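If you want the building blocks of each chain, they are given just below.
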Amino acid sequence: MESTDAPAAARIPGAVADVIVVGAGVVGLGIAWEAARSGRRVVVVDPAPGTGASYAAAGMLAAVSEYHYQEEDLLALTLDSAQRWQQFAASAGPDCGYLATPTLCLAADAADRQAFADLRAAQEAHGLAVQALTVREARKAEPLLAPGVAGAFTIEADHQVDPRRLVAALLRRLGEDALVPDRAASLAWDDGRVAGVVLEDGRELRAAETIVANGLGARDLGGLPVPLPLRPVYGDILRLRVPEALRPLVTATVRGLVRGRPVYVVPREDGTVVVGATQREDGSDAVSAGGVYELLRDAQALVPAVAELELTEITARARPGTPDNAPLLGRVGNVPGLIVATGFFRHGVLLTPAAAAVCRGLLEGRADPRWDAFRPDRFASQPARIPAASAAERGGS
């Protein structure tokens, strides 16, 4: 591990760690691992690691292909994170499921091809590399593509990782002693600063720095100095097993437009593929039958052999969205001891290395002004509220 200064936790009476991370999804574990690599003592609080949005995520590291118009600040952050991924994956270990395979964008008809061409123009205006292919070239690279595909573009820089393997790898690197399998009910306050968390069972864990990285759960955490405007954006995602005779179904990540609807097929090393994902804000965490039908129909329009695969899993999870669909990342006003890292919406896995780097910089007193647009208090109508008493003294909420 890299050395650091004397632990700041020594200044917090009864501290159990230098850093407490609330949340053991991909983002929280990535932040915890980066803090641990810097020599800090880290505790991660989560009753069910890796079972939220990370469990469903396809793990596309798609800074280029997921660029959206008018999201330049977010693009800068996603590109920064994409450049960090190879080194981050190396630190997590060879079992983390990172693959530097390219992304192939496919258009089902002429209108879809024009939509991709328009997006490509915007991408290239920002210096992003997108190469057009003929349908013949695309089918030579991926023989099982539909013969009627209307257009193809390849993006060499957009890779993938298996989030479930990544969660398992990071938990192993951190070690069992770093995990507290309980829910954080509230922040603990002491003399105007955040000094840790109060657990659901009433115990208090204290540390010099507390990082709130538990996705949608962050909005329900007691003792926050500002409200966190998070909303659930639900999605259905499928996992299918490819018969030996059809392997590999595809070698690149396939992202398609089918009559204007996005769909993707992500191949895994274990002979499965991930097909996703719907996006809905209907308040239901149940799987949508219509969504499953649409995903299978549209995936087959691009790769007809999908119809011959074994459907092994259907999952629905909620992504944490914000009013501007950009993350809540950074310190809250001048509140000492608190960092927020949530609201990553569809970019959580991609942005994990950047979030880890930003949080480490803040732990070391280095704030990067490039990421000021993502401050977690940017939507607050009032200044951050600092409780006069600690959460424990106020009954833990």
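Per-chain numbering applies: the sequence of each chain, read as written, is numbered from 1 onward. It should be noted that, the model being predicted, local features are given only for residues of pLDDT at least 70 and side-chain atom pairs only at 80 or more, the latter also being counted only at that level, while totals for whole chains, interfaces and linings use all residues. Side-chain metrics in this entry use all non-hydrogen atoms of the structure; hydrogen atoms and water are not considered.

Caption draft 1: A look at the overall build of the protein. By the criteria applied, helices consist of DSSP H or I runs no shorter than four residues and strands consist of E runs no shorter than two, each listed in order from the N terminus. For the protein, the helix and strand inventory stands at eight helices and 19 strands. Restricting the calculation to C-alpha atoms gives the radius of gyration, and the globule rule supplies 2.2 Å times the number of residues raised to the power 0.38. Its C-alpha atoms give the protein a radius of gyration of 22 Å, within 12% of the compact-globule value 21 Å for 397 residues. The dimensions of the protein, computed from C-alpha atoms along their principal axes, are 65 × 40 × 40 Å. Taken over 397 residues, the protein has a buried fraction of 56%. For this analysis, residues touch if any pair of their heavy atoms sits within 4.5 Å. Expressed as a percentage of contacts within the protein between residues at least 6 apart in sequence, the contacts between residues at least 24 apart total 76%. Carbon and sulfur atoms form 51% of the exposed surface of the protein, whose accessible area is close to 16,500 Å². Here the protein contributes 40 positively and 48 negatively charged side chains, and the mean placements of these two sets differ by 1 Å. Buried residues are those whose accessible area, probed at 1.4 Å on protein chains only, stays under 20% of the maximum for their type, while exposed residues exceed 50% and partly exposed ones sit between those limits. Residue exposure ignores everything except the shown protein chains as possible cover, and the areas themselves are Shrake-Rupley values with a 1.4 Å probe. Note that His is not counted, nor are the chain ends; the positive residues are Lys and Arg, and the negative ones are Asp and Glu. Lysine's charge is taken at NZ, arginine's at CZ, aspartate's at CG and glutamate's at CD.

Caption draft 2: Geometry of the sheet that holds strand 4 (residues 98–99). The pairing criterion is simple: DSSP has to find at least two bridges between the two strands. Sheet architecture is open: three strands sit in the order 3-8-4, paired in antiparallel fashion. Sheet topology places strand 3 (60–61) and strand 4 at the edges, where each strand pairs with a single neighbour. Pairing analysis gives two bridges linking strand 3 to strand 8 (residues 159–161), with the strands arranged antiparallel. Counterpart to Met 60 in the pairing with strand 8 is Gln 160.

Caption draft 3: Representation of the side chain of Thr 315 in the model. Along the polypeptide, Thr 315 turns up in strand 17 (residues 310–321). For Thr 315, the side chain forms a polar contact with the side chain of Glu 313, separated by 2.7 Å. Aside from chain neighbours lying at most four places away, what touches Thr 315 is Tyr 55, Ala 56, Arg 164, Gly 235, Asp 236, Ile 237, Arg 239 and Val 287. Here a polar contact is taken to be a pair of N or O atoms separated by no more than 3.5 Å, where protein atoms must pair a possible hydrogen donor with a possible acceptor and residues adjacent in sequence count only if both atoms sit in side chains.

Caption draft 4: Spatial organisation of helix 7 (residues 289–302). Taking 1.5 Å per residue as the helical rise, helix 7 with its 14 residues ought to reach 20 Å, and the 21 Å between its terminal C-alpha atoms agrees with that figure. Within helix 7, the full set of buried residues consists of Gly 291, Val 292, Leu 295, Asp 298, Ala 299 and Leu 302. The arc enclosing the buried residues of helix 7, seen along the axis, measures out at 145 degrees, which places them on a common side. Away from the buried face of helix 7 by more than 90 degrees, exposed residues Ala 289 and Tyr 293 are located. Among the structural elements, strand 5 (103–107), strand 13 (231–241), strand 14 (253–258), strand 15 (261–267), strand 16 (272–276) and strand 17 are those in contact with the buried residues of helix 7. Working rule for helices: expected span equals 1.5 Å times residues minus one. Each C-beta atom gives one direction from the helix axis, and the arc is the one those directions make.

Caption draft 5: Representation of the sheet that holds strand 15. Taking strand neighbours across the sheet as the criterion, the eight strands line up as 6-7-5-14-15-16-13-17 in an open arrangement whose pairing is mixed. What marks the edges here is a single partner per strand, and that holds for strand 6 (131–133) and strand 17. Direction aside, neighbouring strands of the sheet carry axes that sit 25 degrees apart on average. Taken together, the five bridges between strand 5 and strand 14 define a ladder with parallel strand orientation. Bridging across to strand 14, Ala 107 finds its partner in Leu 257. Together, strand 5, strand 13, strand 14, strand 15, strand 16 and strand 17 form the strand contacts of helix 7, whose direction differs from that of strand 15 by roughly 75 degrees. Think of each axis as a best-fit line through the C-alpha atoms, taken over the contacting stretch in the case of a helix, with angles from 0 to 180 degrees between the N-to-C directions.

Caption draft 6: The nonpolar core, seen in detail. Judged by nonpolar contacts, the single largest core of 48 residues is most densely connected at Val 21, Ile 31, Trp 85, Leu 166, Ile 211 and Leu 329. Secondary structure elements with two or more residues in this core: strand 1 (17–22), helix 1 (26–37), strand 2 (42–45), helix 3 (72–92), helix 6 (163–174), strand 19 (338–342) and helix 8 (352–363). The element that contributes the greatest number of residues to this core is helix 1, accounting for eight residues. Ignoring anything within four residues of it in the chain, the contact list for Ile 31 reads Val 21, Ile 211, Ala 213, Ala 341, Ala 355, Ala 356 and Cys 359. In this text, buried Ala, Val, Leu, Ile, Met, Phe, Trp, Tyr and Cys residues form a nonpolar core when linked through side-chain atoms within 4.5 Å. Counting residues in hydrophobic clusters, the runner-up holds 29 residues, among them Trp 189, Ala 207, Leu 221 and Val 340.

Caption draft 7: Just the layout of surface pockets, in detail. Cavities and pockets are found on a 1 Å grid laid over the protein atoms alone: a cavity is a set of points where a 1.4 Å probe fits but cannot escape, a pocket is an open set with protein on both sides within 12 Å along at least five of seven lines, and a lining residue has an atom within 4 Å of such a point. Grid points are joined across faces, edges and corners, and a volume is the space filled by probe spheres set on the points. Counted as a void, the second largest pocket has a volume near 590 Å³. Along the walls of the second largest pocket sit 29 residues, with Ala 354, Ala 357, Val 358, Arg 360 and Gly 361 positioned nearest its centre. Among the secondary structure elements, those contributing two or more residues to the lining of the second largest pocket are helix 1, helix 3, strand 18 (328–331) and helix 8. Considering every element that reaches the lining of the second largest pocket, the biggest residue donor is helix 8, with eight residues. The residue makeup of the lining of the second largest pocket, split by class, is 11 nonpolar, six polar and 12 charged. Throughout this entry, Asp, Glu, Lys and Arg are counted as charged residues, while Ala, Val, Leu, Ile, Met, Phe, Trp, Tyr, Cys and Pro are counted as nonpolar. The remaining residues, Gly among them, count as polar.

Caption draft 8: Representation of a nonpolar patch on the surface within the structure. The grouping of Val 287, Leu 311 and Ile 314 at the surface amounts to a nonpolar patch, some 220 Å² of accessible area in total. Within the element layout of this structure, Val 287 appears in the loop between strand 16 and helix 7. Only residues whose relative accessible area exceeds 30% and that take part in no salt bridge are eligible for patches, with like-charged residues grouped when within 9 Å of each other and nonpolar side chains (Val, Leu, Ile, Met, Phe, Trp, Tyr) grouped when within 5 Å. Should a side-chain nitrogen of Lys or Arg be within 4 Å of a carboxyl oxygen of Asp or Glu, the pair is scored as a salt bridge.

Caption draft 9: Geometry of the packing of aromatic side chains. Put simply, two rings from Phe, Tyr or Trp (the six-membered ring, in Trp's case) pair if the centres are within 6.5 Å, and we call them stacked under 30 degrees between planes, edge-to-face over 60, tilted for the rest. By the definition in use, this model includes five aromatic pairs. On the numbers, 6.0 Å between centres and 5 degrees between planes, the contact of Trp 85 with Tyr 98 is stacked. Residue Trp 85 is located in helix 3, and its partner Tyr 98 is located in strand 4; the two are separated by 13 residues in the primary sequence. What links up through ring pairs into an aromatic cluster is the set Trp 85, Phe 88 and Tyr 98. A ring is scored as having a charge over it whenever the NZ atom of a lysine or the CZ atom of an arginine sits within 6 Å of its centre and within 35 degrees of its normal. The ring centre of Tyr 55 lies 3.6 Å from the NZ or CZ of Arg 164, which sits over that ring. It is Arg 231 that lies over the ring of Phe 345; its NZ or CZ is 5.8 Å from the centre.

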